[in-house]
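Each chain, written out:
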Amino acid sequence: MSAPGDDEVHIASFVIQHRSDAMTALAAAIADHADLELAVTGETRSVVLCESADRHAVMDRVDQLRAVPGVLNVLLVYHHAEPRDALEAEVDAHPDSKLAGVQP
């Protein structure tokens, strides 16, 4: 039997509303977690990406980011879960595909 979360990947994005002086603390909190990435920074809003092994870790990150001084709100705007092997599998293009750079 595999450990919990070993068979899934959870991808999420958050919009974080924060005070303009909170960016340093927010960036430091994000840097402390290998599963978080600061994708877009703004004066009072930022976008953070999260890739983790389970949904509990996603919600733990929401709680941890909400606790950063100067953070006003953390909005979960996207969450997708998929079996790990499906994400690692090769994708074959449909023979009628017209996408640039994709070979059938």
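The preceding data block contains the structure.
Residues numbered from 1 in each chain as written. Predicted model: local features only at pLDDT ≥ 70, side-chain atom pairs only at ≥ 80, totals over all residues. Heavy atoms only, no water.

**Re the pairing of strand β1 (residues 8–18)**
For step 1, the next point in the chain: Pairing analysis gives 11 bridges linking β1 to strand β4 (residues 71–83), with the strands arranged antiparallel. Each bridged residue has a counterpart across the sheet, and for H18 the counterpart in β4 is V71.
For step 2, the next point in the chain: Pairing of β1 with strand β3 (residues 45–52), which is carried by eight bridges, proceeds in the antiparallel orientation. Counted as the bridge partner of V15 is V47 from β3. (Pairing = 2+ DSSP bridges. Helix = DSSP H or I, 4+ residues; strand = E, 2+ residues; numbered from the N terminus.)

**Some details on the side chain of S52**
For step 1, the next point in the chain: Along the chain, S52 turns up in strand β3.
For step 2, the next point in the chain: The exposure class assigned to S52 is buried, which follows from its relative accessible area of 8%.
For step 3, the next point in the chain: Here D54 takes part through its backbone oxygen, which lies 3.2 Å from a polar atom of the side chain of S52.
For step 4, the next point in the chain: Setting aside anything within four residues of it in sequence, one finds S52 in contact with E8, V9, H10, D35, A57 and V58. (Buried < 20%, exposed > 50% of the residue type's maximum accessible area, 1.4 Å probe, protein only. Polar contact = N/O pair within 3.5 Å; in protein donor to acceptor, adjacent residues only side chain to side chain. Contact = heavy atoms within 4.5 Å.)

**What to know about the sheet that holds β3**
For step 1, the next point in the chain: Strand order across the open sheet formed by four strands is β2-β3-β1-β4, with antiparallel pairing between neighbours. At either margin of the open sheet sits one strand with a lone partner, and together these are β2 (36–40) and β4. Between one strand axis and the next, the sheet turns by 25° as a mean value, whatever way the strands run.
For step 2, the next point in the chain: Here β2 runs beside β3; their pairing, made up of four bridges, is antiparallel. Its bridge partner being in β3, L36 is matched across the sheet by C50. (Axes fitted to C-alpha atoms, helices over the stretch in contact; angles between N-to-C directions.)

**Here's the deal with the nonpolar core**
For step 1, the next point in the chain: Formed by 16 residues in total, the largest nonpolar core has its most connected members in F14, I16, L26, L36, L65 and V74.
For step 2, the next point in the chain: Of the residues forming this core, the biggest block, four residues, is contributed by helix α1 (residues 23–31). (Core = buried A, V, L, I, M, F, W, Y, C linked by side-chain atoms within 4.5 Å.)

**Section: a nonpolar patch on the surface**
For step 1, the next point in the chain: The grouping of L75, V77 and Y78 at the surface amounts to a nonpolar patch, some 270 Å² of accessible area in total.
For step 2, the next point in the chain: Residue position: Y78 is located in strand β4.
For step 3, the next point in the chain: Looking at Y78, the relative accessible area reads 43%, which means it is partly exposed. (Patch = residues over 30% accessible without salt bridge, like charges linked within 9 Å, V, L, I, M, F, W, Y side chains within 5 Å. Areas by Shrake-Rupley, 256 points an atom, 1.4 Å probe, with all protein chains shown as cover. Salt bridge = Lys/Arg side-chain N within 4 Å of Asp/Glu carboxyl O.)

**What about helix α2 (residues 55–66)?**
For step 1, the next point in the chain: Its 12 residues place the ends of α2 17 Å apart at the C-alpha level, agreeing with the 16 Å of an ideal helix rising 1.5 Å per residue.
For step 2, the next point in the chain: Residues A57, V58, R61, V62 and L65 constitute the buried set of α2. Down the axis of α2, the sector holding all buried residues measures 150°, keeping them to one side.
For step 3, the next point in the chain: On its buried face, α2 sits against β1, α1, β2, β3 and β4.
For step 4, the next point in the chain: Capping of α2 at its N-terminal end is provided by D54; its side-chain oxygen lies 2.9 Å from the backbone amide nitrogen of H56. (Expected span 1.5 Å × (residues − 1). Arc of directions from axis to C-beta.)

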